[in-house]
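So you can see what is in the structure, the chains are spelled out below.
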Amino acid sequence: MNLIPPYFNIFDYFLGEDKLARAGHRTAIEFRGGRITYRELRGEVDYWTEQIVGCGVEEGDRVALLLYDSPEFIACFLAAASVGAIGVPINTFIPPEEVMFILSDSSARVAIVEDDLEWKIDGSGQGFYEKCAMLVVDTAGRHYLDPKDEIAPRPPLPTTTRETPAFMLYTSGSTGAPKGVLHLHGSIPATVEAYSETILRLTEEDRIYSASRLFFAYGLGNSLSFPLAAGATVILGTERPSAGHLATLFEEQAPSVFFGVPALYRALLDFRGGRRLDVSTLRLCVSAGESLPPGIFEDWRKEFGLSILDGIGSTEMLHIFISNTSEQARAGSSGLLVKGYEARLTSDDESEAEPGRPANLWVRGASSTAGYWRRAELTRETIRDGWVRTGDIYRRDSEGFFYHVGRSDDCFKVRGLWVSPVEIESILLSHEAVSEAAVVAAVDGQGLATARAYMVIREGRDAENLGEELREFLSSRLPQYKVPTLFEFIAELPRTSTGKVQRYKLRAESRTGHRGGGNENR
């Protein structure tokens, strides 16, 4: 019996000789008018391997990536993995203090940084330059490697297995300091086998575009794991994925699979750019990040004849573990369990919840995190016998479909009864005047708990008297305790760089009074 785990490395999984023999000539990446084949991508990885090894990186060291979505990001990520180092992608939108916190917390040995993001790194007072080398990259002025370029031979194979740490994704610090979520070399193939091969069913002919960036778990799967595993083509870009930009991209680059978030699908439906949105090349549309409102699902299918496959994933689980499918897609539902995952719903005392009742969602599968970097107590709180607590409240119907009720820290009580913001928001969004909506806990003029609704109204609608109209609209569809008593109309909802509504900001404003410039109806 062989007790030594066999060698495994995601670099070889994506770009090993067997893969290159089959797909080496095919286009792996399209970026800024250029094309990179799988064999050329292998050369890029070898080049960056030489660079990071030259900085003294060894197995287990951390390699930070402060890079835009680009061939360099993918090449550097796989180069780090290829020598047994741990890649640490960093959100390019976060402020310098958070960038520096991540570099310090991860004890990065090397930071590979976009040239116009170098200003976010300040080594003063932290010993940064003594501990961490920095390589600066200009993806805007990138040159493509000449096949004749000489690259040093690859170093000896590392001792990695499927259980070896491969990369670390830091979660948002909106509710505290960012925390590193550690994943293993086996995590990526687990998501490929579970989600990509059973839900997406990608082929070499597919062309993939993701609005979510590579430094997020959702974007990493969309733009790296799934297309490279299938031998498909990923379309990368650094432009903000506005509705206008996507309209042009759909026409000119003809993706077959599109990954977005609910707010972006809404923006595309509202797009009025002087031409009809051309989605004729799309065969799959996927949404994640937050629950997809039923109205957006139904409007998209009515307008374009395509279902949006909504699903739920998390940084801890690396990608989507509950999803709708092309054959079974239901408005308002996150779908069914993805093959290879288990889920259970529990009450607050962690006993099994009654069927059909909202409860805490736990999930288990081969892609789950190995734990939080240097946070043993948080790891013990979140992971129990392989089960990961997601922090989401869900209910499951008799057919096994899951319905999102809200985040455990977003739900609140009015008159002693639980209120789900998602339920109220879905109804508000079904009103023809409302484009976006978010509901949070508040206190009324008498000091009593209530709900407060923030809304963006559609162009051409007047906010005057709309609050009373919406109150009547909700009262005909909800129990009275769930109907907000406070309504505020604002220009836009605060969102994270992934498109999620930042309810914590709205909750803070509800405690201190409505934001300036709003139009409030009480």
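Quick look at the overall build of the protein chain
Helix and strand counts for the protein chain stand at 15 helices and 27 strands. By the compact-globule yardstick of 24 Å for 522 residues, the protein chain fits well, its C-alpha radius of gyration being 24 Å. Referenced to the eigenvectors of the C-alpha coordinate spread, the extents of the protein chain come out at roughly 70 × 55 × 50 Å. Of all 522 residues assigned to the protein chain, the portion counted as buried reaches 56%. In the protein chain, the share of contacts with a sequence separation of at least 24, taken over all contacts with a separation of at least 6, comes to 67%.

Observations concerning the nonpolar core
Counting residues in each nonpolar core, the largest one holds 109 residues, and the members touching the most others are Leu41, Ile74, Phe77, Ile112, Phe258 and Trp300. The biggest single contributor to this core is helix H4 (residues 71-82), with 9 residues. Setting aside its immediate chain neighbours within four residues, leucine 41 contacts Leu15, Ala28, Ile29, Ile36, Ile74, Ala75 and Leu228.

Observations regarding the pairing of strand S8 (residues 180-184)
Most of S8 sits inside the fold, with 5 of its 5 residues counted as buried. Of the pairings in the sheet, the one linking strand S7 (residues 165-170) to S8 comprises 5 bridges and is antiparallel in character. Within S8, the position partnered with proline 165 by the bridge is leucine 184. The sheet contact formed by S8 and strand S18 (residues 371-372) spans 2 bridges and is antiparallel.

Some details on the sheet that holds strand S2 (residues 34-37)
Strand order in the open sheet formed by 9 strands is S2-S1-S10-S9-S11-S12-S13-S14-S15, and the pairing between neighbours is mixed. Two strands bound the open sheet, and with one partner strand each, they are S2 and strand S15 (336-337). As judged from the 3 bridges shared by strand S9 (residues 207-210) and strand S10 (residues 233-236), these two strands associate in the parallel manner. Paired with arginine 207 across the two strands is threonine 233, which belongs to S10. Its contacts with the sheet place helix H7 (residues 187-200) against strand S11 (257-260), strand S12 (284-287), strand S13 (308-313) and strand S14 (320-323), and it is angled at close to 140° to S12.

Details of the state of the cysteines
All told, the structure shown has 0 disulfides when counted by the stated rule. Cysteine cysteine 76 is unpaired, with the sulfur of cysteine 55 as its nearest cysteine sulfur at 11 Å. For cysteine 76, a relative accessible area of 1% corresponds to the buried category.

Focus on the pairing of strand S3 (residues 62-66)
The element S3 is largely enclosed, with a buried count of 5 among its 5 residues. Side-chain alternation along S3 places Arg62, Ala64 and Leu66 on one buried face and Val63 and Leu65 on a second face that is also buried. Two strands pair when backbone bridges link them, and S3 and strand S4 (residues 86-89) are joined in this way by 4 bridges, in the parallel orientation. Opposite leucine 65, over in S4, you have proline 89 as the bridge partner.

Here's the deal with the confidence of the model for the protein chain
Scored by pLDDT, the protein chain has a mean of 89; 92% of the residues are at 70 or more. With pLDDT under 50 throughout, residues 514-522 is counted as low confidence; its partners more than four residues away or in other chains account for 30 contacts.

What to know about the side chain of asparagine 324
Within the element layout of this structure, asparagine 324 appears in the loop between S14 and S15. At 2.9 Å, the side chain of asparagine 324 and the backbone nitrogen of arginine 330 are in polar contact. Asparagine 324 has contacts with Ile199, Leu309, Asp310, Ala329, Arg330, Ser333, Ser334, Gly335 and Phe401, leaving out every residue within four places of it along the chain.

As for the packing of aromatic side chains
The final tally for this structure, using the stated rule, is 16 aromatic pairs. Ring geometry for tyrosine 195 versus phenylalanine 226: centroids 5.8 Å apart, planes at 40°, classification tilted. With tyrosine 195 in helix H7 and phenylalanine 226 in helix H8 (residues 217-230), the pair connects residues that are 31 residues apart, well separated along the chain. By relative accessible area, tyrosine 195 is classed as buried at 0%. Overall, phenylalanine 226 belongs to the buried group, its relative accessible area being 1%. With centroids separated by 5.5 Å and ring planes inclined at 70°, the aromatic side chains of phenylalanine 258 and tyrosine 265 adopt a geometry described as edge-to-face. Just as phenylalanine 258 is buried, tyrosine 265 falls in that class too. The lysine or arginine in question, arginine 344, covers the ring of tryptophan 362, its NZ or CZ lying 5.2 Å from the ring centre.

Scoring rules and cut-offs
- Residues numbered from 1 in each chain as written.
- Predicted model: local features only at pLDDT ≥ 70, side-chain atom pairs only at ≥ 80, totals over all residues.
- Heavy atoms only, no water.
- Helix = DSSP H or I, 4+ residues; strand = E, 2+ residues; numbered from the N terminus.
- Rg over C-alpha atoms; globule rule 2.2 N^0.38 Å.
- Buried < 20%, exposed > 50% of the residue type's maximum accessible area, 1.4 Å probe, protein only.
- Contact = heavy atoms within 4.5 Å.
- Core = buried A, V, L, I, M, F, W, Y, C linked by side-chain atoms within 4.5 Å.
- Pairing = 2+ DSSP bridges.
- Axes fitted to C-alpha atoms, helices over the stretch in contact; angles between N-to-C directions.
- Disulfide = S-S within 2.5 Å.
- pLDDT = per-residue confidence, 0-100.
- Polar contact = N/O pair within 3.5 Å; in protein donor to acceptor, adjacent residues only side chain to side chain.
- Phe/Tyr/Trp six-rings, centres within 6.5 Å; stacked < 30°, edge-to-face > 60°.
- Lys NZ or Arg CZ within 6 Å of the ring centre and 35° of its normal.

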